[in-house]
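These are the residues of each chain, in order.
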Number of protein chains: 2
Amino acid sequence: MKKHFVGGALVLAFAAQALQAQVTTPPKTVLGFSDKNSSGQLQTEALFDKQLDAANIGASIKTFSAYPHHIGSAGGKQVADAVAARLKEYGFDTKIETFWVLFPVPKTRELEMTGTAKYKALLKEPALKEDATSGQSEQLPTYNAWSADGDVTAPLVFVNYGLPADYEELERMGIDVKGKIVIAKYGRSWRGIKPKVAQEHGAIGCIIYSDPKDDGYFAGDVYPKGAFKNEYGVQRGSVMDMVIYPGDPLTPNVGATPEAQRLDRANATNLLKIPVLPISYHDARPLLEALEGPVAPENWRGALPITYHVGPGTASVHLKLAFDWQLRPCYDVIGTVQGAAYPDEWVIRGNHHDAWVNGAGDPISGLAAMLEEAKAIGALLKTGWKPKRTLVYCAWDGEEPGLLGSTEWVETHAEELKQKAVVYINSDGNGRGFLGAGGSHALEPYMEEIAKTVIDPQTNVSVFERKRADELVNASSVNAKKELLKKPFTLSALGSGSDFSSFLQHVGVPALNLEYGGEDPGGEYHSIYDSYDDYRRFKDPTFAYGVALAQTAGRAALRMADADLLPFNFKNLYSTINGYVTELMTQVDQLRESTTVENQLIRSKAYKLAADPLDTYNPPKVQDEVPYLDFSPLQNALRDLERVTRGLSDSLNKTVNSNVDHGPVNKLLYRSEQELLLQKGLPYRDWYRHSLYAPGLYTGYGVKTMPGIREAIEQRKWEQAQQQIMMDAKAIRQLADHLYLIAKVTS
Amino acid sequence: MKKHFVGGALVLAFAAQALQAQVTTPPKTVLGFSDKNSSGQLQTEALFDKQLDAANIGASIKTFSAYPHHIGSAGGKQVADAVAARLKEYGFDTKIETFWVLFPVPKTRELEMTGTAKYKALLKEPALKEDATSGQSEQLPTYNAWSADGDVTAPLVFVNYGLPADYEELERMGIDVKGKIVIAKYGRSWRGIKPKVAQEHGAIGCIIYSDPKDDGYFAGDVYPKGAFKNEYGVQRGSVMDMVIYPGDPLTPNVGATPEAQRLDRANATNLLKIPVLPISYHDARPLLEALEGPVAPENWRGALPITYHVGPGTASVHLKLAFDWQLRPCYDVIGTVQGAAYPDEWVIRGNHHDAWVNGAGDPISGLAAMLEEAKAIGALLKTGWKPKRTLVYCAWDGEEPGLLGSTEWVETHAEELKQKAVVYINSDGNGRGFLGAGGSHALEPYMEEIAKTVIDPQTNVSVFERKRADELVNASSVNAKKELLKKPFTLSALGSGSDFSSFLQHVGVPALNLEYGGEDPGGEYHSIYDSYDDYRRFKDPTFAYGVALAQTAGRAALRMADADLLPFNFKNLYSTINGYVTELMTQVDQLRESTTVENQLIRSKAYKLAADPLDTYNPPKVQDEVPYLDFSPLQNALRDLERVTRGLSDSLNKTVNSNVDHGPVNKLLYRSEQELLLQKGLPYRDWYRHSLYAPGLYTGYGVKTMPGIREAIEQRKWEQAQQQIMMDAKAIRQLADHLYLIAKVTS
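This is a predicted model, so every value here is computed, not measured.

Basis of the calculations
Here the residue numbers are simple positions, counted from 1 along each chain's written sequence. Each chain gets a letter, beginning with A, and each ligand a number, beginning with 1, in the order they are written. In view of the model being predicted, local features appear only for residues whose pLDDT reaches at least 70, and side-chain atom pairs are presented and counted only at 80 or more, with totals across whole chains, interfaces and linings using the full set of residues. Processing note: side-chain calculations cover all non-hydrogen atoms of the structure and skip hydrogens and water entirely. For the least-squares superposition of copies, only C-alpha atoms count, and only for residues with pLDDT at least 70 in both. Throughout, a contact is declared for two residues whenever any of their heavy atoms are within 4.5 Å. UniProt positions are given in the numbering used here, feature names are shortened, and annotations may be inferred rather than shown by experiment. Strands here are runs of E lasting at least two residues and helices are runs of H or I lasting at least four, both read from the DSSP assignment and numbered beginning at the N terminus. Predictor confidence is given residue by residue as pLDDT, running from a minimum of 0 to a maximum of 100. By buried area we mean the combined loss of accessible area, with a 1.4 Å probe, across both parts when two parts are placed together. Only one rule defines a salt bridge in this text: a Lys or Arg side-chain nitrogen within 4 Å of an Asp or Glu carboxyl oxygen. In the analysis that follows, any N or O atom pair within 3.5 Å is treated as a polar contact, provided that within protein one partner can donate a hydrogen and the other can accept it, and provided that, for residues neighboring in sequence, both atoms belong to side chains. Only the stretch in contact is used when fitting a helix axis, every axis being a line fitted to C-alpha atoms; angles between N-to-C directions are given from 0 to 180 degrees. Any angle between 65 and 115 degrees counts as roughly perpendicular, while under 35 counts as roughly parallel, over 145 as roughly antiparallel, and the rest as oblique. Handedness of a crossing is defined here by the sense of rotation of the near helix relative to the far one, left-handed for an anticlockwise turn of less than a right angle and right-handed for a clockwise turn. Polar here means any residue other than Ala, Val, Leu, Ile, Met, Phe, Trp, Tyr, Cys and Pro, which are nonpolar, and Asp, Glu, Lys and Arg, which are charged; Gly is therefore polar. By convention here, the domain bounds are inherited from an automatic or database domain assignment. Think of it in three bands: residues with accessible area under 20% of the maximum for their type are buried, residues over 50% are exposed, and the middle band is partly exposed, with areas taken using a 1.4 Å probe on protein chains only. Strand pairing is assigned whenever DSSP identifies at least 2 bridges connecting the two strands. By convention, a crossover is right-handed whenever its connection, traced from the first strand over the helix to the second and viewed with the strands pointing away, goes clockwise.

1. A short note on the relation of the copies chain B and chain A
- It takes a turn of 180° to lay chain B on chain A, together with a shift of 0.0 Å along the axis; the resulting RMSD is 0.0 Å. Expressed as an axis order, the relation between the two copies is that of a two-fold axis.
- Both copies share a contact surface, since 100% of the interface residues of chain B are interface residues in chain A too.

Here it is as structure tokens:
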């Protein structure tokens with residue numbers, strides 16, 4: 001589901017030491033392994049690597065993307081069964097866990113413009129002879145899942161990307177969307193934010209379109225000549241308000257088992273009240289061309305050959321949508337290899353199997369790599385190797401509509417996961433380019449080490465080195481480059497958009513999200529053109545990055561499964577949190593300063609005087625001055641965390657080679673992440689419990705780190721910010737106390 | 001000629017104290033006037049203001065833009081005669097000084113594309129029923145004056161804006177323009193830079209087009225519905241390499257009198273060797289659409305509904321241009337009102353009268369305001385008032401092709417101007433919006449005081465206050481806003497693009513350039529649509545800003561003409577220069593740091609590793625490390641300048657009310673600017689002699705302050721930079737010594 005690396009935005013931050021130092025002799029030890037056991041692990045990995053076959057990955061992609069397979073479809077069931085059969089074949093103890101989840105499918109979709117300039121929208125992506133699967137009949141039509149049913153007619157207003165700041169600009173221009181239908185561009189936020197903000201402002205309908213500037217001919221040649229969105233392409237997708245809670249909207253916090261208590265749909269707080277429809281730029285153009293009113297601000301304008309106006313105009317838009325709201329089966333495929341030493345410690349690896357249509361890229365490219373890992377593990381098993389810990393390989397259903405399969409599974413097994421889950425390693429779509437890696441920051445050194453052992457298929461340097469080069473070259477300033485040269489590797493923080501969310505943010509399982517990409521941009525995302533034909537031309541033509549992903553995620557799983565002492569490093573976690581706190585303190589200071597200056601400008605009528613008197617212009621309003629917040633609880637907790645992590649790293653390094661049973665320490669180590677959970681969860685959305693990572697209330701997929709504090713500051717809720725400082729400080733102190741316990745056990 | 005305020009780029013920097021302090025009681029004293037004489041001056045100005053009539057300015061614009069009147073045309077002669085008649089009528093002693101200058105007019109213009117996709121360019125702007133003068137037959141066709149004759153056929157390469165950095169990107173992509181024709185977008189530099197850089201890189205022809213992103217429907221509704229460039233509009237204009245020297249290319253440094261020695265055209269170093277043609281976006285689209293090769297970098301792409309490729313392609317472009325190269329008469333209208341007290345001290349006011357076609361905006365809107373000033377001065381004369389100093393009102397011919405009229409006049413009268421010229425006050429086009437004021441920085445307080453006395457016609461606050469509000473609101477950062485709040489008013493530094501250039505940069509006459517604009521964007525510039533019909537709809541519909549310009553420039557002229565002690569303030573000049581030096585020192589340090597980091601990246605192959613292996617990519621080359629330069633000569637000279645200006649301001653303030661004859665001090669004051677001239681002129685272009693201000697070698701109109709040093713640094717010529725530091729230090733020391741002399745005379 002997650003759109004990765006789109007529009008050249010490489011969001012994962014990496015860094016590095018002087019590059020020259022990189023190509024060195026192969027490592028002799030592995031983090032978490034005793035000197036003695038390191039070489040065995042490296043041999044296992046070498047054997048594992050030998051099993052990985054690019055051609056086989058390509059064949060898997062072709063097989064599983066041969067027909068549409070969204071949740072609830074016949075194709076979906078077929079894919080689940082086929083994946084289960086594969087896992088079984090590889091020696092995994094495999095079952096399908098079925099949940100019953102709500103999933104709306106369109107019955108009626110109509111969009112037309114009435115008035116002098118009439119237009120009836122096509123709402124249809126045409127089949128192309130260059131794309132073998134594009135004409136199949138089982139496709140879901142173009143729509144946004146979780147749109148409300150609705151039949152509305154109103155003038156249209158163009159709202160840019162439909163974000164809160166865009167509505168502030170509309171207010172400056174004197175334009176109100178109350179009772180109107182809005183049209184927003186895809187991009188800059190997760191799509192579900194757009195109708196949510198529109199609804200908050202009183203709009204009665206929402207259209208989302210792909211502007212050719214962001215996703216069309218402006219970016220490059222269009223499909224099928226090139227990879228980018230042609231004029232008829234449409235991005236499907238969920239508009240569930242996942243930042244409140246993901247999963248089945250009717251069963252928050254509990255698994256959607258047949259017997260689960262279900263909410264009435266009207267009471268599901270993550271569902272919209274207004275109709276929403278995604279359209280192509282072919283369908284958007286006549287609507288936008290008919291708009292009158294002010295010319296849109298410069299940074300709102302797209303690449304259609306028109307003058308973008310904000311609206312409204314004399315024309316009205318009629319939007320009529322109706323859905324079939326049924327409970328449907330959600331098939332999670334779970335394959336297990338029992339751990340020989342610690343069967344109750346689970347290393348979980350997952351990728352979803354459902355797609356919006358054929359989904360060769362999203363999710364099959366990731367699923368195919370994961371199955372290739374499973375195949376290689378199967379081969380290892382045949383040599384007599386057994387993992388110390390239990391390996392759990394999962395193929396999730398219903399990720400696309402809102403992480404349904406993984407969320408229901410996690411909610412069902414929450415208590416067990418808190419006891420047993422060592423790590424969750426996620427992937428989704430995959431492509432050609434650079435390693436992207438996000439996750440829990442105590443896993444940074446372990447992922448860095450892994451990235452140094454995987455060779456980039458195009459350049460023959462490590463994927464660590466290549467990613468670092470990319471980050472260095474594209475850093476925004478000389479200072480940023482110098483910082484990157486200092487810090488060799490950074491995991492990005494995780495927001496949402498794929499199946500790691502419930503593991504990490506709901507129950508506190510340490511998580512990773514891995515993918516390759518950045519050299520595979522295109523417009524196929526969530527369209528009928530996300531096909532095998534598209535994939536082999538524009539994504540990863542040789543499937544070599546499928547192998548790279550299998551190597552990366554495979555090593556991540558195997559090392560966690562077989563480690564003597566689990567390779568968590570809390571020094572990295574400490575400096576990450578410390579960085580966030582510094583950032584927040586600076587942010588408050590800057591906000592205080594800018595508020596003072598802006599208020600001065602507003603009071604002196606500078607905004608009014610600078611505006612063109614011939615235009616409508618409402619100047620911004622004076623805002624409350626920003627108080628000084630007490631960050632000392634956080635600072636003191638961080639001082640304690642720093643102190644304990646400093647000593648702990650050394651003692652863990654020594655412990656790994658001792659002959660004592662590491663069992664109790666390991667249990668404490670992998671459950672440390674849970675100390676960072678907030679007892680009450682986040683404000684407005686208690687499903688989210690991690691103090692460090694959450695999707696933003698107004699960004700969607702995009703992460704907000706220390707979200708309780710950060711969003712209170714952004715919303716200028718100063719008391720709430722102060723309360724959240726106290727809560728995060730408490731979580732950090734909990735973690736510090738927990739680490740003191742580990743330090744005691746190991747010293 | 002100068003395109004002011006286009007694309008929202010308000011380049012003149014202003015600043016201010018707390019806004020609240022502004023609306024105060026009217027001033028009682030005037031800078032440069034004794035307490036006794038101040039009230040008389042204010043009465044004179046009140047009388048002057050009463051004569052200014054917006055309707056009359058509108059009528060003048062209509063009259064003088066009624067027919068095409070480029071240099072050498074019948075219409076041009078007619079305008080010159082009519083302006084002379086007006087000045088005579090107002091009581092000015094008026095003559096026409098005629099020079100004989102080269103001016104090419106097209107004989108042949110052909111552009112076509114051959115190959116599979118054929119296209120023959122229209123090269124013609126259609127007449128519109130909404131624009132009364134758009135169908136007149138005497139129009140100059142669409143062309144770039146000073147293009148070479150040529151008949152070339154070659155593949156086409158798209159070079160973005162055609163600037164040096166664009167060719168560096170082409171080199172990264174492995175694209176060479178040698179033997180090719182290039183197509184560049186208008187914008188980001190003066191147009192003449194584009195063919196010059198193309199020629200330097202071996203291109204054999206150059207096409208310049210207006211992309212709808214910068215100058216068309218992307219910006220707003222197109223003409224005649226709105227003000228922006230329609231698909232057929234073309235920007236004419238000069239491509240003389242004016243940054244080497246402006247004026248008649250055959251007579252550098254001397255006036256183009258009939259008997260002047262003339263260069264052979266082939267030896268004129270400011271003329272191109274390749275053919276250049278401007279075209280519309282209607283004509284550009286098929287050419288761009290036929291390009292193949294890499295997709296253009298994101299910031300190169302415009303708003304045509306195509307994927308922009310860099311080229312070349314299989315298609316070839318055939319460009320054939322031939323010109324009639326004749327000497328033509330250039331009519332400068334010079335009207336004088338003899339000074340009663342100091343006839344040999346000249347306050348010069350000028351605006352050009354020639355246009356590319358009808359030129360309602362450029363230059364007639366400025367000329368009409370200037371004539372309104374002259375009318376008001378005529379009325380003052382009738383009351384018996386006489387200026388102390390001589391007023392010289394000038395209407396220049398041949399500004400459009402390269403500042404011909406003003407440059408030849410200045411070169412002819414250079415020695416006299418060095419003795420007599422107190423100030424040169426320029427205007428050009430004018431429109432609705434904010435005051436833009438550039439010039440010699442010793443004039444800052446005087447201009448600030450004037451700006452506070454002129455009332456903005458739309459908001460009823462002073463134009464000072466309105467401009468400051470605009471600058472504050474649009475400042476790029478909170479820090480920039482705080483800086484603006486500290487400094488109440490800044491004159492921008494002058495580059496080129498209008499008739500102030502030779503006064504200021506060739507002979508060292510203190511200069512000002514004044515205009516209103518910013519609320520009048522459009523695409524009429526240098527097209528047949530720069531008409532009265534366009535002007536009254538989109539530029540200054542009530543002509544109220546014509547009155548504002550007449551008030552502003554009129555006060556500037558009258559105060560200089562009648563001042564007791566000329567209102568130069570060298571403290572402002574000192575802090576401006578000090579700011580430039582700080583900027584240059586920081587720039588060298590930053591360049592040193594970035595060179596070190598970039599070289600590290602290049603040596604470690606980061607650029608190569610970050611590039612997509614499927615694309616051609618040539619990494620940048622390691623550059624020489626940046627040495628430490630010795631800025632101490634400048635710092636020491638500045639210390640002396642600071643010392644003397646500190647004392648001087650006080651003593652001048654006292655002197656103004658004393659009864660001594662200020663004559664000798666005034667003569668020293670207005671000639672101070674000449675101390676800043678460089679004996680040898682600037683490197684590569686000794687016509688330019690000012691140490692502080694010059695148009696940039698690769699920006700054209702855009703100023704480079706302390707150009708000798710700054711451009712040497714930009715070109716990484718470290719020895720030259722050090723030499724230029726010595727030379728600028730010498731100029732500053734000369735100025736300091738000169739000011740010591742004034743201080744002695746006044747103390």
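Right, picking up where we left off after that structure.
2. A closer look at the UniProt feature "domain: Transferrin receptor-like dimerisation" (unreviewed entry) in chain A
- In the numbering used here, UniProt assigns the feature "domain: Transferrin receptor-like dimerisation" (unreviewed entry) to residues 629-739 of chain A.
- Taken end to end, residues 629-739 of chain A has its terminal C-alpha atoms 28 Å apart, with 56% of it in helix and 5% in strand.

3. What about the confidence of the model for chain A?
Residues and elements named next belong to chain A.
- In this model, chain A carries a mean pLDDT of 95, and residues with pLDDT of at least 70 account for 96%.
- Considering only residues more than four positions removed or in separate chains, one finds that residues 4-24, a stretch of pLDDT under 50, has 68 contacts.
- The ipTM value of the predicted complex is 0.94, and its pTM value is 0.95.

4. With respect to the interface of chain B and chain A
- Contacts between the two partners involve 50 residues from chain B, matched on the other side by 50 residues from chain A.
- Interface of chain B and chain A: buried area, both sides summed, is about 4,300 Å²; carbon and sulfur atoms make up 63% of it.
- Among the residues of chain B in contact with chain A, Phe218(B), Val473(B) and Leu609(B) are the three that bury the most area, contributing 15% of the side total.
- Taking the shortest distance from any N to any O, the salt bridge between Lys481(B) and Glu598(A) comes out at 2.6 Å.
- For the pair chain B and chain A, the interface holds 18 residue pairs in polar contact (both at pLDDT 80 or more).

5. Here we look at the packing of helix 19 (residues 632-655) of chain A against helix 22 (residues 718-746) of chain A
Residue and element names in this part refer to chain A.
- Closest axis-to-axis distance for the helix 19/helix 22 pair is 8 Å, and the angle between their directions is 25°. It follows that helix 19 is roughly parallel to helix 22 by the angle criterion. Seen along the crossing, helix 19 lies across helix 22 with a hand that is left-handed.
- In terms of residue class, the contact of helix 19 with helix 22 is built from 18 nonpolar, 5 polar and 4 charged.

6. Some remarks on the domain arrangement of chain A
Residue and element names in this part refer to chain A.
- On domain assignment, one finds that chain A holds domain 1 (54-101 + 330-454 + 492-562), domain 2 (106-326) and domain 3 (570-746).
- Here the C-alpha centre of domain 3 lies 33 Å away from the C-alpha centre of domain 2.
- Taken together, the contact pairs 18 residues of domain 2 with 17 residues of domain 3.
- Our enumeration of links across domain 2 and domain 3 arrives at 1 salt bridge.

7. With respect to the pattern of salt bridges
- Summed over the entire model, instances satisfying the criterion amount to 83 salt bridges over all chains.
- We note a salt bridge from Asp324(B) to Arg328(B), for which the minimum N-O separation is 3.6 Å.
- Here Asp324(B) falls in the partly exposed class, since its relative accessible area comes to 25%.
- Exposure remark for Arg328(B): the relative accessible area of 11% places this residue in the buried category.
- Note that Arg559(B) is salt-bridged to Glu449(B), the shortest N-O span being 3.0 Å. Here the residue Arg559(B) occupies a position in helix 17 (residues 544-562), and Glu449(B) occupies one in helix 12 (residues 444-453), the gap between them amounting to 110 residues.
- Sharing partners across several salt bridges, the network here consists of Glu45(A), Asp49(A), Glu449(A), Arg555(A) and Arg559(A).

8. Some remarks on the pairing of strand 5 (residues 181-185) of chain B
Residues and elements named next belong to chain B.
- A large share of strand 5 lies buried, amounting to 5 of its 5 residues.
- Here strand 5 shows a buried face lined by Ile181, Ile183 and Lys185 and a second buried face lined by Val182 and Ala184.
- Of the pairings in the sheet, the one linking strand 4 (residues 150-158) to strand 5 comprises 3 bridges and is parallel in character. Bridge pairing links phenylalanine 158 to isoleucine 183 in strand 5.
- Sheet topology note: the strand 5/strand 6 (residues 205-209) ladder contains 5 bridges and is parallel. Along strand 6, the bridge assignment pairs isoleucine 181 with glycine 205.
- Viewed along the sheet, the connection from strand 5 through helix 5 (residues 193-200) into strand 6 turns out right-handed.

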